[in-house]
Amino acid sequence: EEVKAKILCSPLETFIVCRSKSETYRLLGGVVPVPTIYPNPDAIEKYPVFAKPDKGQGSRHTHIVHTMEFLLHLLAENRQLVVTEYLPGEEYTVDCFSDRDKGLLFCGGRQRIRTRSGISMHSKSVPDSVFEECAESISQVLTFHGAWFFQLKRDLNDNYKLLEVAPRIAGSMAVHRVQGINFALLNIYEMERIPYEIMLNRLNVQIDRALVNRY
């Protein structure tokens, strides 16, 4: 109500859940595979574990923790941490687009090959039926209007586990942009309720990005 313009986004309730890792895992834990969460250091049976802020982004203030001593040090500095099993495998982002009436209209996965500060710099499109199954399951619990994405990572046994869900456009969604999925324009069509359809060019695409200074 404070912004004198239409906000192209999903409902506020979806944002509140997605902003919290613990709430995301609590709500989706019975829907898609999520990492094991340790409520306290005494519950940890095996190190390393992974610690991250409950509310955060871009891999800031995240840690691979190898000892209880270091974990206690982190908790003393910031008790708003989520401590989970460490997932050592490949990481994927699954870009999605949902219509408020028609449901999930697009789902495309991409492997995060090289990252910098939590941002995917080198990524390639990867097909996997598991991605769409997870997207459908998540969208049965959370309401999305327009573009959104979620991230998966493989555990020690090569199984996918959910990292996070975000109701927004991601920078490397450009992988699918060049396949014909114009997320920004589609968001406008979805909000204005303009009839539209999605036409996908099924190409194998890679993207490489660079954050550089030029003088």
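Up top is the structure.
These lines cover the structure that appears in this document, whether it is placed above or below. These figures come from a predicted structure and were not determined experimentally.

Things to note about the pairing of strand S5 (residues 103–116)
Bridge count for strand S4 (residues 91–99) against S5 is eight bridges, and the pairing is antiparallel. Residue pairing for S5: Asp95 is matched across the bridge by Gly108. Taking the residues that link successive antiparallel strands as the turn, the S4-S5 hairpin has three residues. In this sheet, strand S6 (residues 119–126) lies alongside S5 in antiparallel orientation, the contact comprising seven bridges. When the sheet's bridge partners are listed, Gly109 is paired in S6 with Val126.

Regarding helix H1 (residues 12–19)
What H1 keeps buried is the set Thr14, Val17 and Cys18. Take H1 and look down its axis: the buried residues cluster within an arc of 95 degrees, on one side only. Pointing more than 90 degrees away from the buried face of H1 are the exposed residues Leu12 and Ile16. Along its buried surface, H1 packs onto helix H2 (21–28) and strand S8 (160–166).

Observations concerning the sheet that holds strand S1 (residues 49–53)
Sheets are built from strands paired through backbone hydrogen bonds, the pairs being either parallel or antiparallel. Spatial ordering of the open sheet is given by S2-S1-S3, a layout of three strands whose pairing is antiparallel. In the strand order of this sheet, the two ends are held by strand S2 (63–65) and strand S3 (81–85), each with one partner. Across the sheet, the mean angle separating the axes of adjacent strands is 30 degrees when strand polarity is ignored. Where S1 and S3 come together, five bridges link them in antiparallel fashion. The partner of Lys52 across the bridge, within S3, is Val82. Sheet contacts for H2: S1 and S3; angle to S3, the most-contacted strand, approximately 50 degrees.

What to know about the nonpolar core
Ile138, Leu142, Trp148, Phe150, Leu162 and Val165 are the most contacted members of the largest nonpolar core, which has 23 residues in total. If you list the elements that add at least two residues to this core, you get H1, H2, S4, helix H4 (129–141), strand S7 (146–154) and S8. Take this core: its biggest share by element is four residues, from H4. In this structure Phe150 touches Tyr92, Thr93, Val94, Cys96, Phe131, Cys134, Ala135, Ile138, Leu162, Glu164 and Val165, once residues within four positions along its chain are discounted. Ranked by size, the runner-up nonpolar core spans 11 residues in total, among them Ala166, Ala170, Phe183 and Leu186.

Regarding the layout of surface pockets
Estimates place the volume of the second largest pocket at around 430 Å³. Among the secondary structure elements, those contributing two or more residues to the lining of the second largest pocket are S5, S6 and H4. Taken together, the residues of the lining of the second largest pocket break down into nine nonpolar, seven polar and four charged.

The rules we used
Residues numbered from 1 in each chain as written. Predicted model: local features only at pLDDT ≥ 70, side-chain atom pairs only at ≥ 80, totals over all residues. Heavy atoms only, no water. Pairing = 2+ DSSP bridges. Helix = DSSP H or I, 4+ residues; strand = E, 2+ residues; numbered from the N terminus. Buried < 20%, exposed > 50% of the residue type's maximum accessible area, 1.4 Å probe, protein only. Arc of directions from axis to C-beta. Contact = heavy atoms within 4.5 Å. Axes fitted to C-alpha atoms, helices over the stretch in contact; angles between N-to-C directions. Core = buried A, V, L, I, M, F, W, Y, C linked by side-chain atoms within 4.5 Å. 1 Å grid on protein atoms, 1.4 Å probe; cavity = no way out; pocket = protein on both sides within 12 Å on 5 of 7 lines; lining within 4 Å. Points joined across faces, edges and corners; volume = space filled by probe spheres on them. Nonpolar A, V, L, I, M, F, W, Y, C, P; charged D, E, K, R; others polar.

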